[in-house]
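Here is how the chains run, residue by residue.
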Amino acid sequence: MNMTGRKIEIKTKGLSKSFGSVVALDNLDLELATASRFGYIGPNGAGKTTTVRILSGLLRPTSGDASVCGFDIHKGSNRIKAVTGLLPETPGLYSKLSAVEFLEFIGALYHMSDDVLDSRIEKLLSILGLEGRQDDLLESYSSGMKQKVLVASTLIHEPRLVFLDEPTSRLDPAVSALVKDLILALAKETETTFFICTHMIDFAEDVCDIIGILNEGKLVALGSPEQIVSGAGAEDLEDAYLKIIGGKIDREKLLDWM
Ligand SMILES: Nc1ncnc2c1ncn2[C@@H]1O[C@H](COP(=O)(O)OP(=O)(O)OP(=O)(O)O)[C@@H](O)[C@H]1O
Ligand SMILES: [Mg+2]
């Protein structure tokens, strides 16, 4: 339980990861309550994907501890994989399968019963507007259509915690809005916790109730979108982000150069 009495879904203590001399993640202390919609933002190379890979049980930290859904990342990575969903940054797809076959394959990995799986596949493909193309091979899909199938595969087993690493990359604005609505609908109906890495600050502002800003491996801001905006004396989250990260300085450099 945290101070507000909500159960804690993710807790990290001094979580760090180095790759040789590169410090990708530097002493992350983070606590997220169940049913949080966490938006993790920060520049390229800040360490967001590294954090997701550690918390989803795919990568060992150099030091520090974390528990995810009640399981220790050092001892329970398989349990974590079973109860979470992950949309990776650079996912692989089996291009010789159709969307339905791929989703059936993923559902089988999670030991879903045929009935439940069939109805979830039908529902997700229909929400994402892929009915009609569901039996075509994935190699014939556009990149955004593939991304839709991957979003569906992440949600297929109704995970209690979902990691989405750049969910809207490659999606057209209408589908991005749909994914936004899908997350908000799931958040309303279920206790699902969302951990979302994104460069789309508007998306984070609309979807997330807690935002973390990561810069060079360090968590430099954490709070509700309103808290971050007012704390930075900014107009909106994008303005706050640029103030905190110092993006305006880079823009000035560019203008000088031009
Ligand atoms: N497997 C790896 N081997 C070596 N260095 C790595 C590896 N993975 C990540 N890094 C380094 O760790 C740092 C953080 O990378 P990470 O992918 O976590 O950033 P990110 O915040 O997800 O960036 P982006 O917004 O570009 O996706 C970078 O300096 C990157 O080069
Ligand atoms: Mg990344």
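Presented here is a report on the structure given in the accompanying data block.

Points about the nonpolar core
Grouped burial of nonpolar side chains is what soluble globular proteins tend to show.
At step 1: If you look at the biggest cluster of nonpolar residues, it comprises 49 residues, and the most contacted ones within it are Leu103, Val149, Ile156, Ile183, Ile196, Ile211 and Ile213.
At step 2: Ranked by the residues each element gives to this core, the list is headed by helix H5 (residues 143-155), at six residues.
At step 3: Per-domain counts for this core show at least three residues from each of domain 1 (8-223) and domain 2 (225-258).
At step 4: The contact partners of Ile156, leaving out residues within four places of it in the chain, are Leu103, Ile106, Met112, Leu117, Arg120, Ile121 and Leu124.
At step 5: In terms of nonpolar packing, the next biggest core, distinct from the first, is built from 24 residues, Leu15, Ile73, Cys197 and Leu214 among them.

Focus on the site of ligand 1
At step 1: Near ligand 1 there are 13 residues, and of these Gly45, Lys48, Thr50, Glu89 and His199 occur at the shortest range.
At step 2: Between ligand 1 and the protein, one listed contact pairs an oxygen atom with a side-chain N or O atom of Asn44 at 2.9 Å.
At step 3: One of the backbone nitrogen or oxygen atoms of Ala46 is found 3.2 Å away from an oxygen atom of ligand 1.
At step 4: Isolated, ligand 1 exposes 640 Å² of accessible area, and the fraction of that covered by the protein chains is 64%.
At step 5: Sorting the residues of the shell around ligand 1 by element identifies strand S2 (22-33) and helix H1 (48-55) as the ones contributing at least two each.
At step 6: At three residues, the largest contribution of residues to the shell around ligand 1 is made by H1.
At step 7: Class assignment for the residues of the shell around ligand 1 results in five nonpolar, six polar and two charged.

Here we look at the coordination of the magnesium ion (ligand 2)
At step 1: Taken together, Thr49 (OG1) and Glu89 (OE) make up the full set of protein donors to the magnesium ion (ligand 2), lying 2.0 to 2.2 Å away. Here Thr49 is found in helix H1, whereas its partner Glu89 is found in the loop between strand S6 (84-87) and helix H3 (99-109), with 40 residues between them in sequence.
At step 2: Residue classification places Glu89 among the partly exposed residues on the basis of a relative accessible area of 38%.

What to know about the pairing of strand S10 (residues 218-223)
At step 1: Strand direction decides the pairing type here: strand S9 (residues 210-215) and S10, joined by five bridges, are antiparallel. Within S10, the residue paired with Asn215 across the bridge is Lys218.
At step 2: Between the end of S9 and the start of S10, which pair antiparallel, lie two residues, with Glu216 showing a positive phi angle near 50°.

Things to note about the packing of H3 against helix H4 (residues 114-127)
For any two helices packed against each other, the geometry comes down to the angle between their axes and how far apart the axes lie.
At step 1: Taken N-terminus to C-terminus, the directions of H3 and H4 make an angle of 135°; their axes are 10 Å apart at the nearest point. With respect to their mutual orientation, H3 and H4 come out oblique. Pair H3 / H4 crosses with right-handed handedness. Taking contact as the criterion, the partners of Ala99, Val100, Leu103, Glu104, Gly107 and Ala108 in H3 are, on H4, Leu117, Asp118, Ile121 and Leu125.
At step 2: Considering only residue class, the contact of H3 with H4 consists of seven nonpolar, one polar and two charged.

Some details on the pattern of salt bridges
At step 1: Scanning the model with the defined rule gives eight salt bridges in all.
At step 2: For Lys11, the salt bridge is made with Glu31, and the minimal N-O distance between the two is 2.9 Å. Linking Lys11 in strand S1 (residues 8-19) with Glu31 in strand S2, this pair joins segments that are 20 residues apart in sequence.
At step 3: The salt bridge involving Lys180 is made with Asp206; its shortest N-O contact spans 2.7 Å. On the criterion of sequence distance, the pair formed by Lys180 in helix H6 (residues 173-189) and Asp206 in helix H7 (residues 201-207) is long-range, its members being 26 residues apart.

Some points on empty space enclosed by the protein
At step 1: Counting across every chain of the model gives one cavity of 30 Å³ or more.
At step 2: In this structure, the largest cavity spans a volume of roughly 40 Å³.
At step 3: Every residue along the wall of the largest cavity is listed here: Val151, Leu155, Leu164, Val179, Leu182, Ile183 and Leu186.
At step 4: Secondary structure elements with two or more residues in the lining of the largest cavity: H5 and H6.
At step 5: For the lining of the largest cavity, the element with the highest residue contribution is H6, accounting for four residues.
At step 6: Looking at the lining of the largest cavity, its residues break down into seven nonpolar, no polar and no charged.

Rules behind the numbers
Position numbers for residues start from 1 in each chain and track the written sequence from start to end. The order in which chains are written sets their letters, starting at A; the order in which ligands are written sets their numbers, starting at 1. Two thresholds apply to this predicted model, a pLDDT of at least 70 for residue-level local features and 80 or more for giving and counting side-chain atom pairs, whereas whole-chain, interface and lining totals are computed over all residues. With hydrogens and water excluded, all non-hydrogen atoms of the structure serve as input to the side-chain values. The term nonpolar core refers to a set of buried residues drawn from Ala, Val, Leu, Ile, Met, Phe, Trp, Tyr and Cys, joined through side-chain atoms within 4.5 Å. Only protein chains enter the calculation, and the probe is 1.4 Å; a residue is then buried if its accessible area is under 20% of its type maximum, exposed if over 50%, and partly exposed in between. Helical segments are the DSSP runs of H or I of at least four residues, strand segments are the runs of E of at least two, and each set is numbered from the N terminus. Start and end positions for the domains come from either an automated domain assignment or a database one. Contacts are assigned to residue pairs that have any heavy atoms within 4.5 Å of one another. If a single non-hydrogen atom of a residue is within 4 Å of a molecule or strand, that residue counts as near it. Any pair of nitrogen or oxygen atoms within 3.5 Å is treated as a polar contact; in protein, a donor-acceptor pairing is required on top of that, and neighbouring residues in sequence qualify only through side-chain atoms on both sides. The method behind every accessible area is Shrake-Rupley, applied with a 1.4 Å probe, and residues are considered shielded solely by the protein chains displayed. In this classification, Asp, Glu, Lys and Arg are treated as charged, Ala, Val, Leu, Ile, Met, Phe, Trp, Tyr, Cys and Pro as nonpolar, and every other residue, Gly included, as polar. With water excluded from the atoms, a metal site may look incomplete; its donors are any N, O or S atoms within 2.8 Å, or within 3.2 Å for Na, K and Ca. For two strands to count as paired, DSSP must find a minimum of two bridges between them. Axis definition: a line fit to C-alpha positions, over the contact stretch in the case of helices; interaxial angles, taken between N-to-C directions, run 0 to 180 degrees. Any angle between 65 and 115 degrees counts as roughly perpendicular, while under 35 counts as roughly parallel, over 145 as roughly antiparallel, and the rest as oblique. Note on convention: the crossing is left-handed when the near helix lies turned anticlockwise from the far helix by less than a right angle, right-handed when the turn is clockwise. The salt bridge criterion pairs a side-chain nitrogen of Lys or Arg with a carboxyl oxygen of Asp or Glu, the two atoms within 4 Å. Computed over the protein atoms alone on a 1 Å grid, cavities are sets of points where a 1.4 Å probe fits but cannot get out and pockets are open sets with protein on both sides within 12 Å along at least five of seven lines; a residue lines them when it has an atom within 4 Å of a point. Grid points are joined across faces, edges and corners, and a volume is the space filled by probe spheres set on the points.

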